[in-house]
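Working through the structure, step by step
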Amino acid sequence: MSANVRDLQAIRDFRVKLIRFIEEVEGALQTLQGDMRRGFEWIGQEQPQYWTVQQRKAYDLVAATRTALTSCQLRTVAGNRSSCIEEKVAFEKAKRRLQHCQQQIDVIKRWSVKIHHDVDEFRGRIAGLRRLLDVDIPQAIAFLERSTAILESYAETTRPKPDSD
C-alpha cells in the first residue's frame, strides 16, 4: 500500500477537529441526559406528589360542600325549604375537581410508564455513539498521532542534506 501525503498539517488539523468533535458531542449528551433526568423526575416524582395532594384537597372540598348542601337542605326558613342553588353548584364543582385530579393521576401513571420505556430506548440507541466517542475516535486519534510521527520521521530521513563546502 502506498500513500501520497503532501500536507502533514492537514492530518494534525483533522486530529484537532476530531478532539473538538468529541468535546462538543459529550457536551450535547450531558445536556440531553440532564434534560432527560429532569423530565423523568418531574413525571415520575413531582407530578404524582402534586396530584396526590390535589386529590386529597379535592376529597376534603367534596366533603365540605356535601356537608354544606345537606345542611342547607335541612334548613327551613318560615316553613319553606331553601333551593340551595349555590351549595349544589359548589358541590358539583368540587366533584368535577376531584374527578379531574383522579384523571390526572391516571395520565401521570401512563406517562411515567412511557417515559421509562423511552429513556431505556434512548440509552440503547446512545450506546453506539458512546462506543464511538469512548473507543473508536480515540483509537483514530492515536492512529493519526502515530502516523504523523512516522511520516515526520520519514520526511526527515528523505530530505536531501545540504552540501557542506
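The paragraphs below set out a description of the structure included in this document. Along each chain, residues carry numbers from 1 onward, in the same order as the chain's sequence is written. Predicted model: local features are reported for residues with pLDDT of at least 70 only, side-chain atom pairs are reported and counted for 80 or more only, and whole-chain, interface and lining totals are derived from all residues. Hydrogen atoms and water are omitted, and side-chain values are computed over all heavy atoms in the structure.

1. Re the state of the cysteines
A pair of sulfur atoms, both from cysteines and within 2.5 Å, is called a disulfide here. Within this structure, the stated rule accounts for one disulfide. Across the disulfide, Cys72 is cross-linked to Cys84 (sulfur-sulfur distance 2.0 Å). The sign of the -100° torsion about the S-S bond sets the Cys72-Cys84 disulfide as left-handed. One end of the pair, Cys72, is in helix H1 (residues 8-74); the other, Cys84, is in the loop between strand S2 (80-81) and helix H2 (85-158), with twelve residues separating them in the sequence. Each member of the pair, Cys72 together with Cys84, is buried. Each helix is a run of H or I in the DSSP string that is no shorter than four residues. Each strand is a run of E no shorter than two, and both are numbered from the N terminus. Relative accessible area decides the class of each residue, using a 1.4 Å probe on protein chains only: under 20% of the type maximum gives buried, over 50% gives exposed, and in between gives partly exposed.

2. A closer look at the nonpolar core
To define a nonpolar core, start from buried Ala, Val, Leu, Ile, Met, Phe, Trp, Tyr and Cys residues and group those joined through side-chain atoms within 4.5 Å. Judged by nonpolar contacts, Trp51, Ala58, Val62, Leu69, Cys72, Cys84, Phe91, Ala94, Leu98, Cys101, Ile105 and Ile108 together constitute the single largest core of twelve residues. Ranked by the residues each element gives to this core, the list is headed by H2, at six residues. Membership of the second largest hydrophobic core comes to eleven residues, among which are Leu18, Val25, Ile126 and Leu144.

3. Considering the side chain of Gln47
Considering the arrangement of structural elements, one finds Gln47 in helix H1. Ignoring any residue separated from it by four or fewer positions in sequence, one finds Gln47 in contact with Trp42 and Ile108. In what follows, residue pairs with any heavy atoms lying within 4.5 Å of each other are defined as contacts.

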